[in-house]
Amino acid sequence: MGSFTVLTLFSGRHLMHVRRALALALAVPALLAGCSDDPEPTPKIPEPTSSSPTPTPTESETAEAESPEEFIRRWQAAADEMAMSGRTAEFLRMSKGCQACATYAEQVSDVFKDGGEVDFGGSEVLAIKEDSVDPPSYIVDVRAAKLRIEIPGESPQVFPAATQRYRMILKPQTDSFTMANYSVI
């Protein structure tokens, strides 16, 4: 039975909490990227000797622009942090103008505002495929771990691990992107 079918089985005050929990559960896989416990390698930079000059960057050496794939992974990492902590600022900064993103952030805030907790094992981006150049749109497959949402005074909401496909539409910025919209497909 799909999440939307389950939603129609409830009514009254409980429906609002179920909708919030289900919306959070549906959005989490789209927004959470896998994290690795492996530490990033630290590059070894040779120390300059007194006889060799220290190189200085030139104007032509600028930071490389972030790819759409890198942005999508970074955005989902911000969503992962938001879902676990309830802190929405970074996620919303990366999602200016995205109504679906603002709604998701509000739902996460509501869970934490009500004293709730989210237990989530993270997600793994399985594939990112360009769908359209203008606007930059991507089809993203995400495998999300089991999700548990607890709000005081309510039964815990538990959602099994699942794989879901999303369309993510990006808005180009100077050297990166913002998320313009995302949706389940």
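Residues numbered from 1 in each chain as written. Predicted model: local features only at pLDDT ≥ 70, side-chain atom pairs only at ≥ 80, totals over all residues. Heavy atoms only, no water.

A. The arrangement of the state of the cysteines in detail. For the structure shown, the criterion picks out one disulfide. Shown here is the disulfide that connects Cys98 with Cys101, its sulfur atoms set 2.2 Å apart. Negative torsions about the S-S bond denote left-handed disulfides, and the value of about 70 degrees found for Cys98 with Cys101 makes this one right-handed. We classify Cys98 as buried; its relative accessible area is 2%. (Disulfide = S-S within 2.5 Å. Buried < 20%, exposed > 50% of the residue type's maximum accessible area, 1.4 Å probe, protein only.)

B. Representation of the packing of helix H3 (residues 68–85) against helix H5 (residues 99–113). Viewed as axis vectors pointing N to C, H3 and H5 meet at an angle of 25 degrees, and their least axial separation amounts to 8 Å. Classed by the angle they form, the pair H3 and H5 counts as roughly parallel. Where H3 approaches H5, its residues Trp75, Ala79, Met82, Ala83, Met84 and Ser85 are matched on the opposing element by Cys101, Tyr104, Ala105, Val108 and Phe112. Broken down by class, the residue content of the contact of H3 with H5 amounts to ten nonpolar, one polar and no charged. (Axes fitted to C-alpha atoms, helices over the stretch in contact; angles between N-to-C directions. Helix = DSSP H or I, 4+ residues; strand = E, 2+ residues; numbered from the N terminus. Parallel < 35°, antiparallel > 145°, perpendicular 65-115°, else oblique. Contact = heavy atoms within 4.5 Å. Nonpolar A, V, L, I, M, F, W, Y, C, P; charged D, E, K, R; others polar.)

C. Molecular detail of H3. Given a rise of 1.5 Å per residue, 18 residues ought to cover 26 Å, and the 25 Å separating the end C-alpha atoms of H3 matches this to within 8%. Within H3 the residues assigned to the buried category are Pro68, Phe71, Ile72, Trp75, Gln76, Ala78, Ala79, Asp80, Met82 and Ala83. Directly beyond the C-terminal end of H3, a positive phi value near 85 degrees is found at Gly86. (Expected span 1.5 Å × (residues − 1).)

D. Seen up close, the nonpolar core. Trp75, Phe91, Val140, Met168, Met179 and Tyr182 are the most contacted members of the largest nonpolar core, which has 25 residues in total. For this core, the elements supplying multiple residues, two or more each, are H3, H5, strand E2 (123–132), strand E3 (137–144), strand E6 (162–172) and strand E7 (177–184). Considering each element in turn, this core owes the most residues, seven residues, to H3. (Core = buried A, V, L, I, M, F, W, Y, C linked by side-chain atoms within 4.5 Å.)

E. Layout of the packing of aromatic side chains. Taken as a whole and judged by the stated rule, the model has four aromatic pairs. Between Phe91 and Tyr104 the ring centres are 5.9 Å apart and the planes differ by 80 degrees, which places this aromatic pair in the edge-to-face class. Of this pair, Phe91 sits in helix H4 (residues 89–93) while Tyr104 is found in helix H5, placing the two residues 13 residues apart along the sequence. A relative accessible area of 1% places Tyr104 in the buried class. Each residue in the set Trp75, Phe91, Tyr104 and Tyr182 is aromatic and connected to the rest through ring pairs, giving one cluster. (Phe/Tyr/Trp six-rings, centres within 6.5 Å; stacked < 30°, edge-to-face > 60°.)

F. Representation of the environment of Met82 in the model. Of note, Met82 is situated in helix H3. Remark: the alpha-carbon pair of Met82 and Val108, spanning 26 residues in sequence, is separated by 7.5 Å. Apart from the residues within four sequence positions on either side, Met82 is in contact with Arg87, Thr88, Phe91, Tyr104, Ala105, Val108 and Phe112.

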